[in-house]
Amino acid sequence: MAKAKSAFVCTECGAEYHKWQGQCSSCREWNTLSEVRLAAPRPGAAATGASSGRSGYSGALTREVVDLGQVDLSEVPRMGSTFGEFDRVLGGGLVPGSAVLLGGHPGAGKSTLLLQTACKLAQNQAVIYVTGEESLSQVAMRAHRLQLPTQGLKMLAETSIETILAVAEREKPEVLVIDSIQTMHLEDIASAPGGVAQVRESAAALTRFAKQSNTVLLLVGHVTKDGSLAGPKVLEHMIDASLLLEGGSDSRFRTLRGQKNRFGAVNELGVFAMLEQGLKEVKNPSAIFLSRNEEQAPGSLVMVVWEGTRPILVEVQALVDESALGNPRRVAVGLDHNRLAMLLAVLNRHGGLFTGDQDVFLNVVGGVKVLETSADLAVLLAVVSSLQNRALPRELVVFGEVGLSGEIRPVPSGQERIAEAAKHGFTRAIVPRANAPKTSPKGMTVTPVDKLSDALDAL
């Protein structure tokens, strides 16, 4: 009888090792290696792997080489998910034969989003929803509470991958939903469901079926508070798209962001509102992020950030207060705190404003995470406004990157950012000179600046 082999897999990056070691050599994390028991080879399996179940993993059942110039370039038609924001993050819709992982913290709304999508898609396509965490009656109760069309959606309460694949072979669905991958297991793997071995091999079997049958595979993956669960991290290497649904339990808004996407951009952002009838897409995110008070307070300023293919207006707030500590605090929520320290040094050197004895707190309203450098100028002007206790004009919008020598660098899509601000009623903008339009939008005054000192003078 063949002996089952084992390996050690890093739960952070998925790297494999033959023996245990304290630190992962790939991601440099400590104590992240866990033992994985691999399935023993099946009796009679050929040395070439023809009967091992792994042939044709990418969907191509032939072993003939093909010239790249002869590959058919006809685009595979995408399938709409019935949610415009979901399709935006996916890059235009669901691609047949693709595997999509939807991750997020417990209670973020992953199952709700996929149940709404499955119920609406089932009206025109063959959809199977596999639930491994809830009973069929619990899913039916949730669908009834959300007032979803339940006719046509095929349900299966099962955790065995062998049984799920047998049912899928018989029913031939166009969309297969697995909720969740942590509850699935293979009989050949001698470990508990949710472990690295079970999650990886189960996802590999499902992905192989999806690519060979041209089925859209949607997987649900749970993430712990620090996002260090082995499942999603290991899965990211074999799936086509990894999406993260974020949003605290105290917020009624959820953001869907792509972390990996082979069929589209990874910097797209989808915004949803959690209502009694489930998740509802927000087609104008700037409107919800700009719910400001009537009285303008010092340290508050609106900036324009670029998310994927559209501009979004968000408010940044700064609070500068005298520090009672020997080492003043630098706290940034929604921004990189290391970049905040760098910008404060630029403000001191090229702006003539010293904050070394001040605590500086920054917050991006609405829970948005700003990942680009176009927020630099807005952050510094908000800090100056709070430091001098002087409110900035309510109709002012700012964007631009700040260099270490105090210069204001241009950012991509400057014309579209200005147009978006004008559409929401802003009448004044401070932008990099290279982003200034030849003709300003009607009713808006655009002030181009070259250096940080020019922007401070423009206030």
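Residues numbered from 1 in each chain as written. Predicted model: local features only at pLDDT ≥ 70, side-chain atom pairs only at ≥ 80, totals over all residues. Heavy atoms only, no water.

As enumerated under the stated definition, the model contains one aromatic pair in all. Positioned over the ring face of Phe399 is Arg417, at 5.7 Å from the centre of the ring. (Phe/Tyr/Trp six-rings, centres within 6.5 Å; stacked < 30°, edge-to-face > 60°. Lys NZ or Arg CZ within 6 Å of the ring centre and 35° of its normal.)

Let us now look at the packing of helix α8 (residues 337-351) against helix α9 (residues 376-387). When two helices pack together, their arrangement is given by the angle between the helix axes and by the axis-to-axis distance. Contact geometry for α8 and α9: axes closest at 10 Å, N-to-C directions at 65°. As for how α8 packs across α9, the hand of that crossing is right-handed. On α9, the residues that touch Arg339, Leu340, Leu343, Leu344 and Leu347 of α8 are Asp376, Val379, Leu380, Val383 and Val384. Classifying every residue of the contact of α8 with α9 by side-chain character gives eight nonpolar, no polar and two charged. (Axes fitted to C-alpha atoms, helices over the stretch in contact; angles between N-to-C directions. Helix = DSSP H or I, 4+ residues; strand = E, 2+ residues; numbered from the N terminus. Left-handed = near helix turned anticlockwise from the far one by under 90°. Contact = heavy atoms within 4.5 Å. Nonpolar A, V, L, I, M, F, W, Y, C, P; charged D, E, K, R; others polar.)

Before going further, it helps to examine the pattern of salt bridges. Summed over the entire model, instances satisfying the criterion amount to 17 salt bridges. The residue Arg88 makes a salt bridge to Glu85 at a minimum N-O spacing of 4.0 Å. Of the two residues, Arg88 and Glu85 are both situated in helix α1 (residues 84-90); the distance of three residues between them amounts to about one turn of the helix. Arg88 gets classed as partly exposed once you look at its relative accessible area, which sits at 27%. For Glu85, a relative accessible area of 3% translates into the label buried. The residue Arg262 makes a salt bridge to Asp240 at a minimum N-O spacing of 2.7 Å. Here the residue Arg262 occupies a position in the loop between β10 (253-261) and β11 (269-275), and Asp240 occupies one in the loop between α6 (230-235) and β9 (241-246), the gap between them amounting to 22 residues. Assessed through its relative accessible area of 45%, Arg262 is described here as partly exposed. Several salt bridges share partner residues, and in doing so they unite Glu16, Arg200 and Glu201 into one network. (Salt bridge = Lys/Arg side-chain N within 4 Å of Asp/Glu carboxyl O. Buried < 20%, exposed > 50% of the residue type's maximum accessible area, 1.4 Å probe, protein only.)

With that settled, the discussion passes to helix α2 (residues 110-121). Helix length check: α2, at 12 residues, gives a terminal C-alpha distance of 16 Å against a target of 16 Å (1.5 Å per residue), a fit within 8%. Among all positions in α2, only Lys110, Ser111, Thr112, Leu113, Leu114, Leu115, Gln116, Thr117, Ala118, Cys119 and Leu121 are buried. (Expected span 1.5 Å × (residues − 1).)

Honestly, it's all geometry; don't read function into it.
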